[in-house]
Each structure stands twice: as structure tokens, then as C-alpha cells.
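Below are the chains, spelled out letter by letter.
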There are 2 protein chains.
Amino acid sequence: MNIIDASEVLIEQVLEQSHDAFFTYRSTTPSQRKQLLSTIAKLIEEARVELVAVAAKETHLPETRLNNELNRTIFQLESYGAACLKGYWMEASIDHDESAQPAKPTIRKLLIPLGPVVVFGSSNFPFAYSTAGGDTASALAAGCTVVIKAHPAHPETSSRMASCIAEAVALCGLPAGVFQHVFGTSHQVGKWLVQHPHTAAVGFTGSFTGGKQLVDWAAARHQPIPVFAEMGSLNPVFILPEKLNREYAQIANQLVGSYTLGVGQFCTKPGVIIGIESPAWTFLLNELSALTSQVKSAPLLHEGIAASYKKNCEEVLLQPGVRVLAQGNSSTNPGDGNAMMIHVSADDWLSNKYLQAENFGPFTIAVQCKNAEQLIAIAKQIEGQLTGTIYGTEEELADYALLISWIETRCGRLIFNGVPTGVEVCKSMQHGGPFPATSDARFGAVGEDAIRRFLRPLAYQNWPDSLLPAALQEKNPLTIPRFVNGKIHY
Amino acid sequence: MNIIDASEVLIEQVLEQSHDAFFTYRSTTPSQRKQLLSTIAKLIEEARVELVAVAAKETHLPETRLNNELNRTIFQLESYGAACLKGYWMEASIDHDESAQPAKPTIRKLLIPLGPVVVFGSSNFPFAYSTAGGDTASALAAGCTVVIKAHPAHPETSSRMASCIAEAVALCGLPAGVFQHVFGTSHQVGKWLVQHPHTAAVGFTGSFTGGKQLVDWAAARHQPIPVFAEMGSLNPVFILPEKLNREYAQIANQLVGSYTLGVGQFCTKPGVIIGIESPAWTFLLNELSALTSQVKSAPLLHEGIAASYKKNCEEVLLQPGVRVLAQGNSSTNPGDGNAMMIHVSADDWLSNKYLQAENFGPFTIAVQCKNAEQLIAIAKQIEGQLTGTIYGTEEELADYALLISWIETRCGRLIFNGVPTGVEVCKSMQHGGPFPATSDARFGAVGEDAIRRFLRPLAYQNWPDSLLPAALQEKNPLTIPRFVNGKIHY
């Protein structure tokens, strides 16, 4: 597909239109927003065959996986639509104390949308975290307009998806500026988008380098704006001794399945596996090696990722103390990713920043500790993560309270006896974590609480009832839960 | 009082101790945090006479006002204590669908404290927004430890307040690192505090220059951290024609009382009053002048503020189109602030950035518009504000929907037929607003939602019930409201 980078003039027009449309779209009712999200879902479903075929061609991902990802994308859109009606995210609150002496004003508060949101989609989820993905859906639910910068690795998928959304916007009688789609392969396009005065927030899923650049551009604006960048994660897995003794074979099986899933291209891939040296640890390494050597190589998302994966796998072997545990069943296709597992001592891992960075692809590191203190030393040194996983018995979890406490301060999601891949879409999910996993650990990118990213509170003091937003009117016409004088009412 | 700036070595020790204490304090129960906040309130009450005397000497504020502010400070501490027990702010959420095929993990989510919080108190509220003020109280409620940098304009007040807090921490059997107090008159101390790796968040109330500097230091860290800086506001007041016709005298009375309250040293002082030229507007100006000329001058907080107020009042007269409407009843005391009101046309105001910046003290500008379009032009051009006020009839509010819409996008609180000074402490209050009024419009500094600033979500997947935080355990031992499978349960 022939991509033409957006010019500065075009971006000016796009943001101007987004800002104009925001003044209409911010006042839509929750039902109207739900209708828009459902219409997008319906049109995507109708375009399924074509969308999957185009995405398969552009991303090399298998059609089964892409169909599942499209299901998830549609589910997300419907979930955010349902959340619009439930209205928890509005955090409507009313304080009126008629008996107060001296008299107090009536204060009502509501979360309102920030303004136009610029979304940079991911390469590894062409549907669920791209053009019609979680960032777009949650921003539209919040009442924000959206400008997408298409990912250069799947421009045609992005274009076709954008057509579905634009058609849904038109069908719902909303201005075209509610959703717009631009191309940009150069950094300059990203900079113009982030630094345009009308841009109110940014969503991003990708590399640390890319995300941090957006954060820095946003901070350098006259008016700094929030950037929600998900930037990668090691997703450490800590295996406690007794559990290891009892279940090393099952653990090995789960971990190899998880780190090679989708050719290791998930943000929640376990990139480091940590245990204490023991006979069971050796058995685990043997199992991990045997299973890794059976993994068939498969195409990575695009040539850039394949080249950098290959380079990283070569460079890591030059690091002190590194030895290869196993490699997968290699192919001759230069675009393929071949599974690779290495082994290193905790001392070597702790003293080498290179080993503490994500290697995107079917790669993981087994880190061998001498004792429990080294487990804690790793938990202390590790930077912010999307997830942290503990394999242990319940008794061990209690015994290792200090280790858990450190891991809690480093992660957005803690997993007990399971793998970090697989992110449920539900209200309780937190997909986010301390820097550098994301740029803002206070928010998440999955589930209805992701809407909160694109909102801010506005209080109305002594405002006439009939002119208040419906969410705050005395009779509660939206029938949403609200706080009244500090207590929840439903 | 003899102030010695903290050294880098001392700050290293302080933050190390704060971080150590955080690992204890983060695990305290809501009752323990409530107990701490109540004990602080009790000790402050016991020290009232001394605290008020010291603060009066250091800030030149009258004792009546200081006693009222101390009441508010105590009320805030008790409110945050009560909020600890209510537990809304934890946003506890559980998703477990036992009937799901294939089986789904159980996910539970809770907001957890960020870590050590550094608080820079304000000069204008030596009690309510300083050492034991809203930032400290909400951070302690969240489970964060606190390091205060004493405001150089009231070091002795700050020290005595800090003693009350430290004594309360000890009485509650908590580590001394939960609350610490340092001095710093140099910028370097602020930079060390903000850039220390253990610092997890910053609270600030003061000038734009000071706040923006902290924001920039925080953004330049290896790991950027949130800064909640409240940095001043013009608090525009828009007066619609029919209301003006009917009530110009009452409006003038309210506005002069508001802009000169506390010698104009409130962050919510109405700094610009906007109306459309008409006979009633002329009557309003006459009333404002008459009332302003009767205002007695009074001491400003400190010499620095007095000098810069005097300089601003001289410079503003050099701006094109500016004429003095009235000045207050001046004294010969060089530390006093004399009320001053100027008049300018909307054209002159719109074309002059100097007039659009806050002048801290008993000063305001009347801006005369030719028509309704100029009201909108001002609302469009104005930067982010803590508050926006509309005087109008209900019919006018409906007629001026576009103006209101613009003001909504610029403010954190909208006031109808009242003055912006006077900030109720309640859940529905929003004290915050778009940049540059604050550095993060998504949060506020007053009311229990201020706790949310110092928290982030953590999800637990398949975690054993007995090892979960109490807020997430199956039997809900804290009896807090929680979301279960996406619906609220109480």
C-alpha cells in the first residue's frame, strides 16, 4: 500500500476538525456513545473476512489468532459501550446540606472528557491495540474525539479498520471529526500530533524508545498533556523452592508455552525466570531446554522486528556468564523468529543492564540464584513491570512476604501459579505498571477503568438543575450510581 | 528562627528513611491511618494557642482568620481519617466468573500507595495547605510516607506543626520515617527532593514559576513521577447583561468582598471581571470603585510578596488602554497591600499577555466587552483556571450555552451567581483545573478524592484469599463497597 506521510498542514486541519467535533461529541449522551461503539463493532464484524485477510498479509500472524483478536476487539467495543450506560466512570457526586448553618453552596462533580486524543497503535496487536483497539474505544466512551496515526507495519489493515469507524460515525449522525486517521512513518508526524495545541492526551503501545519520545515531546509543550504509553516489560517469574520440587515439569510446560506464544510478541511475555539452585532447578532447566528445542520457528511481525531480534540474540551471547540452554527448531526464512533460552547466574544478571532489557520475540532468560536473598536482590533491582509472577505453595507465599512486598512495588499485576500472558478484559484487570513498563502507573489500558485516563473532574456550584449535565440532575435521569453527601447511592 | 538548608547527605538519609518506613506504613490498616490522622488533629488542637501566635507573627494574618484556618485543617485531617474507613478510594474490584468456559482466572484489583511523597507547602495557607495541610493528610490517608519542605516564609509555624505530627506518629507506634520535615530556602534543596529516586510523587501549592520548575525536574528524572502543583489562577467572572441590569449593586458588593478577602491572597481570588458595555455595566464600575476606595490596606504575607505586588501594580499601569478605576485606603506601611482595580477594553486585554497573568494581592481587572462575541473570545483565549464564575439569570445561562461550553473546557469549578473564594471541603469539590492553574487537571487537592493522587492500581490474579490485602478478601472484612463482576456491592 502506498503511504503518504501527513503534512503539517494536514495535521493542523485534522486537529482543528477534531477540536470542533469535540464540542459536539463531548455533549453526547451515554446511549449515543454506546450506539457508536456498537455500530463500530457491527461494521467490523461485517468486514471480518477482509480485515483478517489483510492483517494476515501485513503481520504474518495466523488467521486463527487474528480471528480471535478480532473477537476480542469487538468484545472490547461492546464492553466500553456497556460501561457508558453503567456510568460508574463518571464518578458523579453531589453535596448539598440544606441544614448547614451558615448556608453552604450545593456542589456537584462529574468527570468530563479531556479533548482530542491521539492514538499510536501497536504492531503486535493489529486489531485489539490499534486503530479500533482499547485506546480508541475507551477515548470514545469518555467523550473524546480520536486521531489515529496508523502503524506503518500494517497500514492497509489500519485504513480498512478506520473506514469501518468513519462509517459508524456517519451512521450515528456524528461529525466526521470524531474519528480521523493519518499516516506517518517519520518521527516528525508523531511530534506534530503530540505537540499540536488541540491535542489533549496521547495513547501509545510500542517500544520504550518510541513511548519515551512521546512522553518527552508532551512534557516539552507549553501545556504539558498526559501520555499513556505502554512500553514493554520483562514480566519476571519467581519460582519458589517447594513448588519447584513438586511441579517443575508442569511449570516448564506452562512457561515455554507462554514465552513462545505468538512468537514471543506479547507485552506480557515472561522474559526472565528466576529460581534458586537445587536439583529441582536443574530438572526445570532440562525440561525448559527439551521443550524449547521442539518449538518451531514462525514469522515475526515484520522485517524490522526480525532483524532486531536476530541482533539481540547474537549480542546477548557476548555477555559475561551467558550460556545457551536451548534453541528452537530453526527455519531458513530470514523473517522467522527462532525460540531461544539462555542461562545466567543472578550475580551476572544483577551486574548487567543489558540482560535487564526486553528482547521482543521468543526469548527468555533463566536466572539462577544462590539463595532467597538473591531473589529479593533481583526484585529490588528490577524496574517497573506490567506483571510479576510467583510460583509457590501458599505456605511459601506467606514465608516470602518480603519478596512479595518488593514485587508488589514493581508491578501492575501479580500472578500466582500461572503465566502472565492472557489479559482478561474485565473491570478488575490492571494492564499497566510502574515506569518504564508504562509512562503512568496510575492508569491501565484494559477494562472499563481505562476510560478514566481521558477524563478530568469538573465541579458545578449552585448550578440550576435543568442546565446541569444529566448525570448530575436531581432526578438522576441516567439512573447511574452517585455519591450524595459523601455516601454512594444506587 | 535560624534555618539551615538541608544538605544532599541529609536529604539522602531522609528519603532512605521515608522509603524504609513506607514498607511498614503501606501495610497499615485503614483504622490505623484514621488513628494517626485523628491523633495529629488532637495534638494540633492542643497546640492551638501557640500555633496561631507563631503563625500570626510569621504571616501577618489576623488571629481570627488563623483560628478559622486551623479549624479547617483539623476538619480536613478528620475527614481524611473518616474517608480511610469508608474506603471508596480503594476502588476494590473482584472479577470471578466460576461458570466461564474455558475457565477464567480470578482477578482482584485495589489502589495501592505510590511511595514517599514530598510536599511543598504554600505561603498563603500556613495551616490548611502547608505542613499538616491537605497534601500531607491525603498522602497519609493513601498509605504514603511524607517529607515536608518547610515554607521559608513561616519556618517556625512549620516546625511546630511538624512536631505535632511527629509526636502523633510516635504515639501511634509508627516509624519516625512516616513523616519528616526539612528546611530549604535554595532551589537546590527542592531539586534534590524531587529528583531523589525514592520520591514517588510531589505536592506543591505556590507560584507558576515554582510549580513549573518542579514539574520540569520531575519530567527530567530517569523515572518521571507525578507532580500535583497548584500554580495560581485568574478565576474569571463573566457577568451576563440581564443579571447585571437587575443586581449590579449586589454583584459589586460580592466581588469587592471576594477579591480583597485575605488581602487578595487566595488562589481563588477573582482576578478578572468581564461584562458587556451598557448603562448597567457603568453602574457596576461605579459601585466597584466606590467599594474599592473604602477597602483598608493590610499587611501582605511577607516582604517579597509586598514588593512584587507593588511592582506589578506599577507595571500594569504602563500597559496600553489601562486606567485605574479605584484604589483602596492606603497606609504608609511598606509591607501592606493596597486594593487596586483597573479597567481595560476586551480588545486591549485580548492582545496583551501581561494582563492575563495573576497579580497576587488585592487587585482585579474589569474588562469591558463590546458584545457577546467578545465574551466568547475571552473564554476561548483564557488559559486553564481553578474556577470560572457566571452571573446570569437562568434564561441567560441557557442562551449563552456556547460561552458556558468554552468556560467548562477551561476550569475545574464553575460557579453560578456567587464568588469563587470559599472552597468547601467535601467529596464533590474539585480544587484543581487545566494547566497552568494546576499541573494535572485530572486530580484535585481538596476533599477525599485528593487521596486518589497518591495511588495506583494493582491486580492480583488467582491469589490465595488469606494472603490478599484485607480489602480484597472474599469476606470483605473491611466492609467497604466493592465492585464484583463489574457491579457495585455494598
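All of these numbers come straight from a predicted model, not from anything done at the bench. Sequence order sets the numbering: in each chain, residues are counted from 1 along the sequence as written. All chains are assigned letters beginning with A, and all ligands numbers beginning with 1, in the order in which they are written. Note on the predicted model: pLDDT of at least 70 is required for a residue's local features to be given, and 80 or more for side-chain atom pairs to be given and counted; whole-chain, interface and lining totals, by contrast, use all residues.

Asker: Help me understand the pairing of strand β8 (residues 236–239) of chain A, please; the structure alone is not making it clear to me.
Answerer: Residues and elements named next belong to chain A. In this scheme the burial state of a residue depends on its C-beta neighbours within 10 Å: 20 or more other such atoms mean buried, 12 or fewer mean exposed, and anything in between means partly exposed; the C-beta positions come from the backbone. Helix numbering and strand numbering both begin at the N terminus, where a helix is a DSSP run of H or I of at least 4 residues and a strand a DSSP run of E of at least 2. The alternating pattern of β8 places Pro236 and Phe238 on one face and Val237 and Ile239 on the opposite face, and all of these are buried. Strand pairing follows a simple DSSP-based rule, namely that at least 2 bridges must link the two strands. Relative to strand β9 (residues 272–276), β8 is paired through three bridges, and the arrangement is parallel. Of the residues in β9, the one forming a bridge with Pro236 is Val272. Orient the strands so they point away from the viewer; a crossover is then right-handed if the path from the first strand over the helix to the second runs clockwise. With respect to chirality, the unit in which β8 leads through helix α9 (residues 241–260) into the neighbouring parallel β9 is right-handed. Two elements, β8 and strand β15 (residues 385–391), share three bridges in a ladder whose sense is parallel. Within β15, the residue paired with Phe238 across the bridge is Ile390.

Asker: So what exactly am I meant to see when it comes to the domain arrangement of chain A here?
Answerer: Quite often, the size of an interface is put as the accessible area lost when its parts meet. Residue and element names in this part refer to chain A. Start and end positions for the domains come from either an automated domain assignment or a database one. Split by domain assignment, chain A resolves into domain 1 (8–231 + 441–489) and domain 2 (236–416). It is the C-beta atoms, placed from the backbone, that decide contacts: two residues are in contact if theirs lie within 7 Å. Residue-level contacts link nine residues of domain 1 with 10 residues of domain 2. Basically, the charged four are Asp, Glu, Lys and Arg, the nonpolar ten are Ala, Val, Leu, Ile, Met, Phe, Trp, Tyr, Cys and Pro, and anything else, Gly included, counts as polar. Classifying every residue of the side of domain 1 that touches domain 2 gives two nonpolar, five polar and two charged.

Asker: I'm lost on the interface of chain A and chain B in this one. Help?
Answerer: Across the boundary between the two partners, chain A contributes 51 residues, which contact 51 residues of chain B. Only β1 (93–95), β2 (107–113), α8 (208–219), α14 (394–399), α15 (401–408), β16 (411–416) and β17 (455–461) of chain A provide two or more residues apiece to the side of chain A that touches chain B. When residues of the side of chain A that touches chain B are assigned to their parent elements, the largest contribution, six residues, is made by β17(A). Residues that form the side of chain A that touches chain B fall into these classes: 28 nonpolar, 12 polar and 11 charged. As defined by bridge partners, β16(A) adjoins strand β17 (residues 455–461) of chain B across three bridges and the pair is classed as parallel. Paired with A:Ile415 across the bridge in β17(B) is B:Gln461.

Asker: Teacher, can you tell me more about the relation of the copies chain A and chain B here?
Answerer: A rotation about some axis, followed by a shift along it, carries one copy of the chain onto the other. Least-squares fitting of one copy onto the other uses the C-alpha atoms of those residues that reach a pLDDT of at least 70 in both copies. For these two chains of identical sequence, chain A goes onto chain B by a turn of 180° and a shift of 0.0 Å along the axis, with RMSD 0.0 Å. Taken together, the turn and the small shift mark the pair as related by a two-fold rotation axis. Among all residues of chain A, the one whose C-alpha sits closest to the rotation axis is A:Ala219, at a distance of 3.5 Å.

Asker: Would you mind showing me how to read the sheet that holds strand β6 (residues 201–205) of chain B here?
Answerer: What links the strands of a sheet is backbone hydrogen bonding, and the strands pair in either a parallel or an antiparallel sense. All names here are of chain B. Strand order across the open sheet formed by five strands is β5-β4-β3-β6-β7, with parallel pairing between neighbours. Whereas interior strands pair on both sides, the edge strands pair on one side only; in this sheet they are β5 (179–182) and β7 (227–230). On average, each strand axis in the sheet is tilted by 15° relative to the strand beside it, whichever way the strands run. One ladder, built from four bridges, connects strand β3 (residues 117–120) with β6; its direction is parallel. Bridge assignment links Val118 to a residue of β6, and that residue is Val202. Axis definition: a line fitted to C-alpha atoms, over the contacting stretch in the case of helices. Angles run 0 to 180 degrees between N-to-C directions. This element, helix α7 (residues 187–195), spans β3, β4 (146–149) and β6 of the sheet and lies at about 165° to β4. Packed onto the sheet, helix α8 (residues 208–219) meets β6 and β7 and runs at close to 170° relative to β7.

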